[in-house]
Amino acid sequence: MNENIGSPIPPSYEEPKKKNVGLIIAVVAIVLLCCCVVVAGAGWWLWNNGDALFGLAKSIVPFVL
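Residues numbered from 1 in each chain as written. Predicted model: local features only at pLDDT ≥ 70, side-chain atom pairs only at ≥ 80, totals over all residues. Heavy atoms only, no water.

Participant: What exactly am I supposed to notice about the overall build of the chain here?
Facilitator: Counting its secondary structure elements, the chain contains 1 helix and 0 strands. Residues counted as buried form 2% of the 65 residues belonging to the chain. Total accessible area on the chain stands at roughly 6,800 Å², and carbon and sulfur atoms take up 72% of it. (Helix = DSSP H or I, 4+ residues; strand = E, 2+ residues; numbered from the N terminus. Buried < 20%, exposed > 50% of the residue type's maximum accessible area, 1.4 Å probe, protein only. Areas by Shrake-Rupley, 256 points an atom, 1.4 Å probe, with all protein chains shown as cover.)

Laid out in structure tokens, this is it:
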């Protein structure tokens with residue numbers, strides 16, 4: 001008899017894929033933090049310079065229209 005018939009195929013061992021969930025969450029958190037810093041900086045700048053900016057726009061509008 002042939003003993004090779006019906007013998008199991010040796011399993012191929014593959015490394016399980018790494019989960020990058022922590023890295024993705026960290027990148028999203030850093031991007032959101034950067035966006036918040038930019039918005040806060042723009043708000044601070046407008047708080048300090050908004051009157052002059054809107055005053056300039058108010059003086060330019062009659063010439064445009």
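Participant: Can you help me understand a nonpolar patch on the surface in this one?
Facilitator: Judged by side-chain polarity, W44, W45, L46, L53 and F54 come together as a nonpolar surface patch covering roughly 570 Å² of accessible area. Checked against the element boundaries, W45 lands in helix α1 (residues 21-64). (Patch = residues over 30% accessible without salt bridge, like charges linked within 9 Å, V, L, I, M, F, W, Y side chains within 5 Å. Salt bridge = Lys/Arg side-chain N within 4 Å of Asp/Glu carboxyl O.)

Participant: Help me out: how do you make sense of the state of the cysteines in this one?
Facilitator: Covalent bonding between the sulfur atoms of two cysteines is what defines a disulfide. Enumeration over the complete set of coordinates arrives at 0 disulfides. We note that C35 lacks a disulfide partner, and the nearest cysteine sulfur, in C36, lies 7.0 Å from it. Residue class for C35 comes out partly exposed when judged on its relative accessible area of 43%. (Disulfide = S-S within 2.5 Å.)

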